[in-house]
Amino acid sequence: MSDFSDELTRPETEDDQVEPSVPSGTGMHFPWLQKHIETVATGGKKEKDFAQTTGACLSFIQEALLKHQWQQAAEYMYSYFQTLEDSDSCKRQAAPEIIWKLGSEILFYHPKSSVETFNAFADRMKNIGVLNYLKISLQHALYLLHHGMLEDAKRNLSQAETWRYGEKSSSQEILINLIQAYKGLLQYYTWSKKKMELSKLDEDDYAYSTATQNMFNHSWKTSVNLGALIQIPGVWDPFVKSYVEMLEFYGDQDGAREVLTNYAYDERFPSNPNAHVYLYSFLKRQKAPRAKLLSVLKILYQIVPSHKLMLEFHTLLRKSEKEEHHKLGLEVLFGVLDFAGCTKNITAWKYLAKYLRQILMGDHRAWVQEEWNSRKNWWPSFHFSYFWAKSDWKEDTTLACEKAFVAGILLGKGTYPGHRNCTAYCLSPSPAPSSQTTVEHWELAFHGI
């Protein structure tokens with residue numbers, strides 16, 4: 001398959017347009033295909049309309065890609081190269097990027113493709129689509145990384161880093177920063193390996209100081225490459241995480257806090273739940289005050305109310321001395337269980353069962369009523385149907401009992417199909433699944449709100 005790229009990209013000859021041909025099985029040269037496409041595009045007529053031909057060919061390629069028909073897509077791709085000679089200047093300028101994206105997708109999945117084939121195709125496309133040189137170089141590097149070729153990827157990025165074409169535009173500058181940042185990630189990978197090696201050395205060992213110096217050199221190069229990118233508005237999660245890890249390792253806690261705070265709160269950046277997760281994790285490691293942790297998680301709650309950290313948010317709210325936080329703690333639990341992905345979250349149901357009892361005993365029935373009013377029309381079928389009761393009891397008796405306890409409070413005694421099973425379970429000789437499923441608790445629960 002060494003000639004795959006050559007066959008795919010070689011220009012069409014006059015002979016190709018006249019003599020019929022069939023697939024060879026090894027190459028990508030199908031002269032008969034052009035005639036076939038023209039026939040399809042013109043409804044059986046032999047009118048050679050360039051625009052219709054390339055348009056039909058592109059449709060065939062897209063359909064083949066959707067069906068994962070890589071061989072067929074490659075056949076169509078050969079004929080689509082004629083779009084590079086389109087008389088329409090706009091289409092001609094757009095063609096290299098389209099060909100690169102389609103061709104790289106085909107070469108990535110084609111069973112007869114190889115790294116050498118992809119490299120040859122990428123190098124050729126860099127010359128054809130000079131305006132897309134940086135994008136192609138970046139994707140080429142990611143392809144090499146996917147195949148574990150770190151040094152080749154690093155060389156590829158280094159070459160692209162120094163590339164310039166015409167006047168330097170803002171879009172070009174962003175792409176160069178992105179390329180430098182990916183190069184920084186590769187340097188971070190090397191730094192991480194050296195950090196692991198360092199952890200195995202004795203501090204009194206001579207090799208320790210040498211390894212420390214090597215790590216410092218790599219971290220400096222990495223910080224330079226990453227620092228420029230994360231100042232530009234965007235979602236840069238892997239770059240920010242890597243940068244912060246190095247800052248923390250070298251004791252620059254203030255620098256790490258500043259990076260994460262800007263990433264989470266700078267209005268120029270798009271809303272990003274991970275930015276708040278990273279900031280919360282950092283503050284938690286730094287043993288920040290509870291009020292600060294709550295403020296970060298409150299924003300995360302507004303963005304992703306079903307996030308796994310919401311149960312931790314609920315715990316922090318319960319420990320607060322403010323009544324408004326206690327009320328919010330109930331809202332958070334209901335919010336988590338509003339989502340289908342959390343319906344079997346046993347921890348959330350345990351927290352809700354325990355907290356409902358605590359709230360009702362604390363004479364805050366209005367809090368429960370307020371949350372339930374907006375859910376009473378859909379929660380019963382969403383959580384407490386006969387189907388779910390039967391399924392829960394079969395799969396997880398602990399979950400079934402916690403849900404039955406909550407249903408007893410929200411719906412009233414005897415309204416949930418799982419009550420009978422759960423009551424029998426609680427009265428059995430075996431220990432109840434939690435302290436909330438005792439007989440006394442059921443009596444309280446079945447009164448309903």
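Quick notes on the rules
- Residues numbered from 1 in each chain as written.
- Predicted model: local features only at pLDDT ≥ 70, side-chain atom pairs only at ≥ 80, totals over all residues.
- Heavy atoms only, no water.
- Helix = DSSP H or I, 4+ residues; strand = E, 2+ residues; numbered from the N terminus.
- Buried < 20%, exposed > 50% of the residue type's maximum accessible area, 1.4 Å probe, protein only.
- Areas by Shrake-Rupley, 256 points an atom, 1.4 Å probe, with all protein chains shown as cover.
- Axes fitted to C-alpha atoms, helices over the stretch in contact; angles between N-to-C directions.
- Left-handed = near helix turned anticlockwise from the far one by under 90°.
- Contact = heavy atoms within 4.5 Å.
- Nonpolar A, V, L, I, M, F, W, Y, C, P; charged D, E, K, R; others polar.
- Phe/Tyr/Trp six-rings, centres within 6.5 Å; stacked < 30°, edge-to-face > 60°.
- Lys NZ or Arg CZ within 6 Å of the ring centre and 35° of its normal.
- Expected span 1.5 Å × (residues − 1).
- Salt bridge = Lys/Arg side-chain N within 4 Å of Asp/Glu carboxyl O.
- pLDDT = per-residue confidence, 0-100.

Here the focus is the overall build of the chain. Of regular secondary structure, the chain possesses 24 helices and 0 strands. The buried share among the 449 residues of the chain stands at 45%. Roughly 23600 Å² of accessible area belongs to the chain as shown, and the carbon and sulfur atoms make up 52% of that amount.

Take the packing of helix α17 (residues 323–337) against helix α19 (residues 365–373) next. Viewed as axis vectors pointing N to C, α17 and α19 meet at an angle of 35 degrees, and their least axial separation amounts to 10 Å. Once α17 is placed against α19, the crossing between them reads as right-handed. Of the residues in α19, those in contact with Glu323, His326, Lys327, Leu330, Glu331 and Phe334 of α17 are Trp367, Val368, Glu370 and Glu371. Looking at the contact of α17 with α19 residue by residue, the classes come out as 4 nonpolar, 1 polar and 5 charged.

Mapped onto the elements of the fold, glycine 55 is located in helix α4 (residues 50–66). A sequence separation of 25 residues divides glycine 55 from tyrosine 80, and the C-alpha atoms of the two residues are 8.8 Å apart.

A separate point is the packing of aromatic side chains. The final tally for this structure, using the stated rule, is 24 aromatic pairs. Relative to tryptophan 379, the ring of tryptophan 378 has its centre 6.5 Å away and its plane inclined at 80 degrees; by these criteria the two rings are edge-to-face. Its relative accessible area of 0% is what places tryptophan 379 among the buried residues. Seen in terms of ring centroids, tryptophan 378 and phenylalanine 382 are 5.4 Å apart; in terms of plane orientation they differ by 55 degrees. Their pairing is tilted. Tryptophan 378 gets classed as partly exposed once you look at its relative accessible area, which sits at 32%. Taken together, the ring pairs in this structure connect Trp70, Trp100, Phe108, Tyr109, Phe118, Phe121 and Tyr143 into an aromatic cluster. Positioned over the ring face of tyrosine 133 is lysine 126, at 5.9 Å from the centre of the ring.

Let's shift gears to helix α12 (residues 237–249). Residue pairs spaced three or four apart in an α-helix point in one direction, given the helix's 3.6 residues per turn. Its 13 residues give α12 an end-to-end C-alpha distance of 18 Å, which sits within 8% of 18 Å, the value for a rise of 1.5 Å per residue. Turning to α12, its buried residues number three or more, namely Asp237, Phe239, Val240, Ser242, Tyr243, Val244, Met246, Leu247 and Glu248. Looking one or two residues beyond α12, the residue adopting positive phi is glycine 251, at roughly 80 degrees.

Going through the model one piece at a time under the given rule, you end up with 17 salt bridges. Linking lysine 195 and glutamate 245 is a salt bridge whose minimum nitrogen-to-oxygen distance equals 2.6 Å. With lysine 195 in helix α10 (residues 170–199) and glutamate 245 in helix α12, the pair connects residues that are 50 residues apart, well separated along the chain. In this structure, the salt-bridge partner of lysine 403 is aspartate 392, at a minimum N-O distance of 2.7 Å. Of this pair, lysine 403 sits in helix α22 (residues 397–411) while aspartate 392 sits in helix α21 (residues 386–395); the two residues are 11 residues apart in sequence, bridging distant segments of the chain.

With that out of the way, let us pick up the confidence of the model for the chain. Averaged over all residues, the pLDDT of the chain is 80; the fraction at 70 or higher stands at 75%. Element-level mean pLDDT values for the chain span from 41 in helix α24 (residues 439–445) up to 98 in helix α14 (residues 273–285). Across residues 9–48 the pLDDT falls below 50, and counting only partners more than four positions away or on other chains, this stretch makes 69 contacts in the model. Taken together, the stretch residues 420–448 has pLDDT below 50 and engages in 47 contacts with residues farther than four places along the chain or on a different chain.

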